[in-house]
Amino acid sequence: MRRPHPQPHRAPHKAEPLEPVPRAQQDVLTTHARRSQPRAWLKALAWLIDSGAHPNALATTTVDIAVDLAARMDFQRGIVLYDLDGTAQRLGLSRATVKRHVRILRELGALVWLQHGSRRNLRLPGRPYTATATVYGATIPVAYDTAHGHRLSGHGYTARVVGLTPAGRNQAIAHALKGTTKPRLEPPSRSNTTHPLTADVRGTSTTTHHPRADKPARQSLLGRTVTAGAYRTAYRFARALRPLHGWLQRARIEQLSWVLVDKALDGAALQQVHSWLHEINPVHHHGPSWRPQRAHAYLAGQLIQDAEREHQRGQHAAGSAHSAPPTEEFTTTVEALQERNDDGEEFADISCIEELDDSLLQQMRADAWNRFRFHGDADLVLIAVDGLGRTEASRLYSAPLVDACIRLRATPLLLASS
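Residues numbered from 1 in each chain as written. Predicted model: local features only at pLDDT ≥ 70, side-chain atom pairs only at ≥ 80, totals over all residues. Heavy atoms only, no water.

Caption draft 1: Structural context of the packing of helix 14 (residues 379-388) against helix 15 (residues 390-397). Interaxial distance between helix 14 and helix 15 falls to 7 Å at its minimum, and their mutual angle equals 140 degrees. As summarised for this structure, helix 14 and helix 15 are arranged oblique, according to the angle between their axes. The handedness of the crossing between helix 14 and helix 15 is right-handed. Counting all contacts with helix 14, which are made through L380, V381, A384, V385 and L388, the residues of helix 15 involved are R390, E392, A393, L396 and Y397. (Axes fitted to C-alpha atoms, helices over the stretch in contact; angles between N-to-C directions. Helix = DSSP H or I, 4+ residues; strand = E, 2+ residues; numbered from the N terminus. Parallel < 35°, antiparallel > 145°, perpendicular 65-115°, else oblique. Left-handed = near helix turned anticlockwise from the far one by under 90°. Contact = heavy atoms within 4.5 Å.)

Written as structure tokens, this is what we have:
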């Protein structure tokens, strides 16, 4: 079922069309617009289209494509995969039409590139062929904030609304007063339902403070008893981590909590569960365009596989404990191989960036970009800046990324909220 279109703010007069955002400012590092959640993004987009900010923007096709993107966005950061073919098929449009209206959204300042798509293989070690997908971020342009009297802190993609100007406050009050003029519902009519006039105080209540003997304790996915404390910890894991992993958005918090309760019983920390979810991300195995319909079931399958592998390792370790010890010749050979690896060039210290292998350098840059774009994590780059200096860090990770990470460090409130 198609989502209903957001109701636009009716402007008394059409505004003059804005200058289209140039292509150079349609990237996350160069944009003047701030990032947004899907609901606020659709509201701002309806205002932009209704005010005539772009002459080719349509309240039908453009909004249909925006609604399709919003339905697949990360609801906290507004990050979404492009999925050109899927969008065209779902909306019954041609690929050229979808491309044209997505370009209009970029020129409105409502979309920015987080990652440019490519058909080239990432060539990540240990992973199958992976073509990079185009990833967009939802943004709200400065024109919308100016028209609504929003006061911003920061600049560009990481800016945020911190208050209202006097004109914006008057506008918000007028909008709130307009909402109070809606007709109120009439009170419910009296029914023929009869109610007892006095309470039953004869002492026939069957409530008890003791648990029922026939009610078994709840079992986890791996067959362990679930305690109240473990479930509370798993619920906290689910609430904190679902916004950070787009492929988990189709699962409810309660479903994720029951799967993660085994992690809580193991005493895992939040960061450990976060790393585990990154490791089992289906993008690594099935490509960026695939998402599990039942994310909690996929998560449960990975948990059971990990438990089976751990059980096999335990059996192997138990069998090794009862096996015969290695001979002296075998031990000597292993030690010689370890010394050869320690003295090899693979583990030698790298004195300058030029000595880095091209594939390793590309992988390091890709990891740093992904951390910054999708998780707001600038630690990897900032450590290089503090240790090597800004010039050498720019040669290693590129100057635009280093500048963006330094700006991110200069906004401690944003780091605290990430």
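Caption draft 2: Spatial organisation of the confidence of the model for the chain. Averaged over every residue, the pLDDT of the chain is 76; residues scoring 70 or more account for 69%. Overall, residues 8-15 carries pLDDT values under 50, and its contacts beyond four positions in sequence, including any with other chains, amount to 13 contacts. Contacts of residues 413-418 to residues separated by more than four positions or lying in other chains number seven contacts, the stretch itself having pLDDT below 50. (pLDDT = per-residue confidence, 0-100.)

Caption draft 3: Looking closely at the pairing of strand 3 (residues 111-115). Counting buried positions over the five residues of strand 3 gives five, a clear majority of the element. Pairing analysis gives four bridges linking strand 3 to strand 6 (residues 135-140), with the strands arranged antiparallel. Looking at strand 6, one finds that V112 is bridged to G137. (Buried < 20%, exposed > 50% of the residue type's maximum accessible area, 1.4 Å probe, protein only. Pairing = 2+ DSSP bridges.)

Caption draft 4: Structural view of the environment of L105. As for its placement among the helices and strands, L105 is situated in helix 4 (residues 95-107). Residue classification places L105 among the buried residues on the basis of a relative accessible area of 0%. For L105 and V21, which are 84 residues apart along the polypeptide, the C-alpha to C-alpha distance reads 9.7 Å. With residues up to four places along the chain from it excluded, the contact list for L105 reads L45, T62, L69, A110 and L111.

Caption draft 5: A look at unusual backbone geometry. With a phi close to 55 degrees, D83 is a non-glycine residue in the positive phi region. Within the secondary structure layout, D83 lies in the loop between strand 2 (79-81) and helix 3 (84-91). On the basis of relative accessible area, D83 is assigned to the partly exposed category, the value being 30%. A positive phi angle is found at S398, which is not glycine, with a value near 85 degrees. Among the secondary structure elements, S398 is positioned in the loop between helix 15 and helix 16 (399-409).

Caption draft 6: Broad picture of the packing of aromatic side chains. Using the criterion set out here, one finds five aromatic pairs in the structure. Plain terms: the ring middles of Y82 and Y136 are 5.4 Å apart, the flat faces sit at 75 degrees to each other, and that makes the pair edge-to-face. Of this pair, Y82 sits in the loop between strand 2 and helix 3 while Y136 sits in strand 6, and the two are 54 residues apart along the sequence. Comparing Y82 with Y136, the two get one shared label, buried. (Phe/Tyr/Trp six-rings, centres within 6.5 Å; stacked < 30°, edge-to-face > 60°.)

Caption draft 7: Structural view of a nonpolar patch on the surface. A surface patch of nonpolar side chains, amounting to about 220 Å² of accessible area, comprises L221, L222 and I304. Tracing the backbone through its elements, the reader meets L221 in the loop between helix 6 (166-179) and helix 7 (228-241). (Patch = residues over 30% accessible without salt bridge, like charges linked within 9 Å, V, L, I, M, F, W, Y side chains within 5 Å. Areas by Shrake-Rupley, 256 points an atom, 1.4 Å probe, with all protein chains shown as cover. Salt bridge = Lys/Arg side-chain N within 4 Å of Asp/Glu carboxyl O.)

Caption draft 8: Structural context of the nonpolar core. Counting 33 residues, the largest nonpolar core has W41 and L69 as its most contacted members. Only helix 1 (38-50), helix 2 (61-71), helix 3, helix 4, strand 3 and strand 6 provide two or more residues apiece to this core. Tallying contributions element by element places helix 1 first for this core, with seven residues. Not counting the four nearest positions on each side in its chain, W41 is found in contact with S36, A66, L69, A70, M73, A110, L111, A138 and T139. Within the second largest apolar cluster, 25 residues are counted, among which are A238, A264, V273 and L277. (Core = buried A, V, L, I, M, F, W, Y, C linked by side-chain atoms within 4.5 Å.)

Caption draft 9: Inspection of the packing of helix 14 against helix 16 at higher detail. Between helix 14 and helix 16, the least distance of the axes is 9 Å, while the angle of their chain directions is 95 degrees. Considering the angle they form, helix 14 stands roughly perpendicular to helix 16. For the pair helix 14 and helix 16, the contacting residues are V381, L382, V385 and D386 in the first and L401, V402, C405, I406 and R409 in the second. The class makeup of the residues in the contact of helix 14 with helix 16 is seven nonpolar, no polar and two charged. (Nonpolar A, V, L, I, M, F, W, Y, C, P; charged D, E, K, R; others polar.)

Caption draft 10: Up close: the pattern of salt bridges. Scanning all chains against the criterion turns up ten salt bridges. In this structure, R224 engages D266 in a salt bridge whose closest nitrogen and oxygen atoms are separated by 2.7 Å. Taken as a pair, R224 in the loop between helix 6 and helix 7 and D266 in the loop between helix 8 (253-265) and helix 9 (270-279) lie far apart in primary sequence, 42 residues in all. The partner of E392 in a salt bridge is R395, with the nearest N and O atoms 3.0 Å apart. With a gap of three residues between them, E392 and R395 both fall in helix 15, about one helical turn apart. Several salt bridges converge on common partners, so that one network encompasses D68, R72, D83 and R90.

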